[in-house]
2 protein chains.
Amino acid sequence: MVPADLANGASAPGEFDLIARIAARVALRADVALGIGDDAALLAVPPGMQLVVTADTLNAGVHFPDDTAPADIGWKALAVNLSDLAAMGARPAWCTLSLSLPQPDPRWLDGFIDGFLALAARHDVSLVGGDTTRGPLSIAVTALGHVEAGHALRRDGARIGDEVWVTGTLGDAAAALQSMCSGAAVEPSLRARLDRPTPRVEAGRALLGLASACIDLSDGLLADLGHLCARSGVGAEIELAQLPMSRALARFKHEVRWPWQAGGGDDYELCFTAPPQRAEQVQQALDLAGVPGVRVGRIVAGQGVQARDAQGAVWTPPRAGYAHFG
Amino acid sequence: MVPADLANGASAPGEFDLIARIAARVALRADVALGIGDDAALLAVPPGMQLVVTADTLNAGVHFPDDTAPADIGWKALAVNLSDLAAMGARPAWCTLSLSLPQPDPRWLDGFIDGFLALAARHDVSLVGGDTTRGPLSIAVTALGHVEAGHALRRDGARIGDEVWVTGTLGDAAAALQSMCSGAAVEPSLRARLDRPTPRVEAGRALLGLASACIDLSDGLLADLGHLCARSGVGAEIELAQLPMSRALARFKHEVRWPWQAGGGDDYELCFTAPPQRAEQVQQALDLAGVPGVRVGRIVAGQGVQARDAQGAVWTPPRAGYAHFG
């Protein structure tokens, strides 16, 4: 059953057209022996590489505001998955898309695919399978890539004394979200960070052999660094004054900013650790990759993550983690 | 963001427990270098093998009746995906699971995972990632396997003169569904075929090098053989009297049975083609695999699939393809 399978063809009226619309626009990498149109895709993993696989779903009203443009939803659905591959230091290659739609709407679908394939093209990712079903709007993506065997960046490699780094700027997406929820006008540059996150694929690749551990920032720095620390059996200290911020965020007082920067989700930057003696190499690698990165803290004995202000006082965010809207 | 990621840990209350419940029960194959608990899984594809990837989603009320037991939903969500791998002649290895649930319900989840992992264990498949989100019940699975490079069974290899085969029996699931929809009592053996389909993995493996083309029967024989013919650029003729049936189905008159056998979906048997001179080898291979299989027609020039009765008259099903309930 499973109607309107990208692979299996379609039984439900209208959905076949949707699949044809998608398949017609997909660009195939040379390592795709068979893409959309059969029971499954056939792919070649290069010798010496491990396969890297991640799956993340976006639901309307939970993972993006209801007014989000279809192209932005398409972009973001792939971006959150490529971000996971980036955090492993993997090179993205292929993906599958399971799309649940309330009704077949070619215009919506065209917009969605515009955004999805724009990001796919940027990272040379081929859409190789999936399905469309009737139901509440939901987008389940599985992203596949590969990494030099034994060299992936993992969460469990942080060691006491390592420095904690983050790429890009933090808190922009959370600032956009909070402004929207309070009915305030949203600075376009902030809204863009919420709607079109940049998976840090180049940074992840550049950090192979340099970073001791890595995670992507989806739930917020404190929460995600906490996951990394838990897997590594260590603790961490963060200096709030060091957290990178965009020009748009610099307008806010730190009392307003810090919860977004330290606790807000949806940034899709990388947080990673590296020994202090590698700091210069790390900085050079990030520069070469064209991705900003700064040190924001260090790995310590113990467990959990402590944030400190410029005076060294422990700071607690007004609420734990990242609450979803809707 | 993407809360309660199997990999990323959790932010929404209650969902972390769900993930822990799943992860604690997962058995890992030796070729899983890293499973649930990091940003992505790390897997080893054996040298000389192509990666085979398929993704299918089940939605409540569309792909299974609302009264389906959680364990049966879990089984079926994986089965429909393994069936696609079977149709390629692939050996299943890993899967990801994106589970959308209206509310965190540990008892429902335990049952679901019982069924999912029971089938996974039967085929030595490791669950290596995914996520849980809040939303209407929906289960998106991506299944991964591998096949000897260049030897996969595809839809596009059927040649004029080939014989058309099917495994198992046809129409049982459609019979169960129609009985349910009309409020009649459902024979348990038929309901079991609807709820717990058997992916024909062993048959697919056995047919490597013997079948010229293959597809799994999800939408119904006429529809799916039609997909195979379209990809191969040929037509097909089916003899209705040859279609295999279960003992439970034999109670029905052929006017009642044929629409289920030829047009009903959800059987998850394999339909494949092979040259007549290979018939004996095919039969032996299926016998060795322990899977029944019979010849039901032949590939002809032209396009489309014609079904004929015992007198050779063309038969048209009362409605095209397979209509979903709900």
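Residues numbered from 1 in each chain as written. Chains lettered and ligands numbered in written order. Predicted model: local features only at pLDDT ≥ 70, side-chain atom pairs only at ≥ 80, totals over all residues. Heavy atoms only, no water.

Remarks on the overall build of chain A
Moving on, step 1. Broken down by element type, chain A carries ten helices and 13 strands.
Moving on, step 2. Over its C-alpha trace chain A gives a radius of gyration of 20 Å, about what one expects of a compact globule, namely 20 Å for 326 residues.
Moving on, step 3. For the C-alpha atoms alone, the extent of chain A along its principal axes is close to 65 × 50 × 30 Å.
Moving on, step 4. Burial status across chain A gives 63% buried among its 326 residues.
Moving on, step 5. Of all intrachain contacts in chain A linking residues separated by at least 6 positions in sequence, the fraction that spans at least 24 positions is 85%.
Moving on, step 6. Total accessible area on chain A is roughly 11400 Å²; 53% of this is exposed by carbon and sulfur atoms.
Moving on, step 7. The distance from the centre of the 26 positive side-chain charges to the centre of the 36 negative ones in chain A is 5 Å. (Helix = DSSP H or I, 4+ residues; strand = E, 2+ residues; numbered from the N terminus. Rg over C-alpha atoms; globule rule 2.2 N^0.38 Å. Buried < 20%, exposed > 50% of the residue type's maximum accessible area, 1.4 Å probe, protein only. Contact = heavy atoms within 4.5 Å. Areas by Shrake-Rupley, 256 points an atom, 1.4 Å probe, with all protein chains shown as cover. Lys, Arg positive; Asp, Glu negative; His and termini not counted. Charge placed at Lys NZ, Arg CZ, Asp CG, Glu CD.)

Concerning the relation of the copies chain B and chain A
Moving on, step 1. Rotating chain B by 180° and moving it 0.0 Å along the rotation axis overlays it on chain A with an RMSD of 0.0 Å. Within this description, the copies of the chain are treated as partners about a two-fold rotation axis.
Moving on, step 2. The residues that chain B uses at the interface reappear at the interface of chain A in 100% of cases, marking a shared surface. (Least-squares fit on C-alpha atoms with pLDDT ≥ 70 in both.)

Side note on the pattern of salt bridges
Moving on, step 1. Applying the stated criterion across every chain yields a total of 42 salt bridges over all chains.
Moving on, step 2. D114 of chain A is the salt-bridge partner of R25 of chain A, the closest N and O atoms lying 2.6 Å from each other. Separated by 89 residues along the polypeptide, R25 of chain A in the loop between α1 (15-23) and β1 (32-34) and D114 of chain A in helix α3 (residues 106-122) bring together distant segments of the chain.
Moving on, step 3. Residue D114 of chain A is classed as partly exposed on the basis of its relative accessible area, which comes to 40%.
Moving on, step 4. The salt bridge partner of R155 of chain B is D39 of chain A, with a shortest N-O separation of 3.3 Å. Of the two residues, R155 of chain B sits in the loop between β6 (138-148) and β7 (163-167) while D39 of chain A sits in the loop between β1 and β2 (41-43), which places them in two different chains. Per residue, the accessibility class of R155 of chain B equals that of D39 of chain A, and both read buried.
Moving on, step 5. One salt-bridge network, held together by shared partners, links D172, R193, R200, D267 and E269 of chain A. (Salt bridge = Lys/Arg side-chain N within 4 Å of Asp/Glu carboxyl O.)

Description of the UniProt feature "binding site: Mg(2+) 2" (unreviewed entry) in chain A
Residue and element names in this part refer to chain A.
Moving on, step 1. UniProt annotation of "binding site: Mg(2+) 2" (unreviewed entry) refers to D56 and D84 when read in the numbering used here. On the basis of their most widely separated C-alpha atoms, the annotated residues across 29 residues gather in one place, lying no more than 9.0 Å apart.
Moving on, step 2. The residue D56 is located in strand β3 (residues 49-59) in this model.
Moving on, step 3. Tracing the sequence through the fold places D84 in helix α2 (residues 70-87). (UniProt positions renumbered as here; feature names shortened; annotations may be inferred.)

Section: the packing of helix α2 (residues 70-87) of chain B against helix α3 (residues 106-122) of chain B
Residue and element names in this part refer to chain B.
Moving on, step 1. One can describe the packing of α2 onto α3 by two numbers: an axis separation of 6 Å at closest approach and a directional angle of 35°. Note that α2 runs across α3; the crossing there is right-handed. Counted together, P70, A71, I73, G74, W75, L78, A79 and L82 of α2 and W108, G111, F112, G115, F116, A118, L119, A120 and R122 of α3 form the full contact between these two elements.
Moving on, step 2. Looking at side-chain class alone, the contact of α2 with α3 contains 13 nonpolar, three polar and one charged residues. (Axes fitted to C-alpha atoms, helices over the stretch in contact; angles between N-to-C directions. Left-handed = near helix turned anticlockwise from the far one by under 90°. Nonpolar A, V, L, I, M, F, W, Y, C, P; charged D, E, K, R; others polar.)

Structural notes on the UniProt feature "binding site: Mg(2+) 3" (unreviewed entry) in chain A
Moving on, step 1. UniProt records the feature "binding site: Mg(2+) 3" (unreviewed entry) for D39, D84 and D216 of chain A in the present numbering. Their sequence span is 178 residues, while the largest C-alpha to C-alpha distance among them is 32.9 Å; these annotated residues do not converge on one region.

Here's the deal with the domain arrangement of chain A
Residue and element names in this part refer to chain A.
Moving on, step 1. Segmentation of chain A into domains returns domain 1 (17-36 + 47-148) and domain 2 (162-308).
Moving on, step 2. For domain 1 and domain 2, the distance between their C-alpha centres works out to 25 Å.
Moving on, step 3. Between R196 and D72 there is a salt bridge, with its nearest N and O atoms 2.6 Å apart.
Moving on, step 4. The tally of links from domain 1 across to domain 2 stands at eight residue pairs in polar contact (both at pLDDT 80 or more). (Domains from an automatic or database assignment. Polar contact = N/O pair within 3.5 Å; in protein donor to acceptor, adjacent residues only side chain to side chain.)

Here's the deal with the interface of chain B and chain A
Moving on, step 1. With 66 residues of chain B at the interface, the matching set in chain A holds 66 residues.
Moving on, step 2. The contact between chain B and chain A buries some 5400 Å² in all, and 52% of this surface belongs to carbon and sulfur atoms.
Moving on, step 3. At the surface where chain B touches chain A, the tally comes to four salt bridges.
Moving on, step 4. Between D38 of chain A and R155 of chain B there is a salt bridge, and its shortest N-O distance comes to 3.8 Å.
Moving on, step 5. Viewed at the interface, chain A and chain B are joined by 25 residue pairs in polar contact (both at pLDDT 80 or more).
Moving on, step 6. Sort the elements by how many residues they give to the side of chain B that touches chain A and strand β3 (residues 49-59) of chain B lands first, with ten residues.
Moving on, step 7. The residue makeup of the side of chain B that touches chain A, split by class, is 33 nonpolar, 19 polar and 14 charged. (Buried area = accessible area lost by both parts, 1.4 Å probe.)

Focus on the packing of aromatic side chains
Moving on, step 1. Under the defined criterion, the tally for this structure stands at ten aromatic pairs over all chains.
Moving on, step 2. Look at F112 of chain B and F116 of chain B: their rings are 6.0 Å apart centre to centre, the planes differ by 25°, and that puts the pair in the stacked class. Of this pair, F112 of chain B and F116 of chain B both sit in helix α3, four residues apart, which is roughly one turn of the helix. An identical accessibility class is assigned to F112 of chain B and F116 of chain B; each is buried.
Moving on, step 3. Taken together, the aromatic side chains of W108, F112 and F116 of chain A make up a single cluster linked through ring pairs. (Phe/Tyr/Trp six-rings, centres within 6.5 Å; stacked < 30°, edge-to-face > 60°.)

Quick word on the side chain of D195 of chain A
Residue and element names in this part refer to chain A.
Moving on, step 1. When you line up the elements, D195 lands in helix α5 (residues 188-195).
Moving on, step 2. Residue D195 is classed as buried on the basis of its relative accessible area, which comes to 7%.
Moving on, step 3. Of note is the side chain of D195, whose polar atom sits 2.7 Å from the side chain of R191.
Moving on, step 4. Leaving out residues up to four positions away in the same chain, D195 has contacts with T68, D72, W75 and K76.

As for the sheet that holds strand β11 (residues 293-300) of chain A
All names here are of chain A.
Moving on, step 1. The seven strands are arranged β8-β10-β7-β11-β9-β12-β13 in an open sheet whose pairing can be described as mixed. Two strands in the sheet have a free side with no partner beyond their single neighbour: β8 (213-216) and β13 (314-315).
Moving on, step 2. Relative to strand β10 (residues 270-274), β8 runs antiparallel, the two being bridged by four bridges. Looking at the pairing, A213 lines up with T273 of β10.
Moving on, step 3. Against the sheet, helix α10 (residues 279-289) contacts β7 (163-167), β10 and β11, and its axis sits at roughly 10° relative to β7. (Pairing = 2+ DSSP bridges.)

Structural notes on unusual backbone geometry
Residue and element names in this part refer to chain B.
Moving on, step 1. One non-glycine residue, D124, adopts positive backbone phi at about 55°.
Moving on, step 2. Positionally, D124 belongs in the loop between α3 and β5 (126-134).
Moving on, step 3. The class of D124 is partly exposed, set by a relative accessible area of 48%.
Moving on, step 4. Of note, the phi angle at Y268 is positive, near 55°, even though the residue is not glycine.

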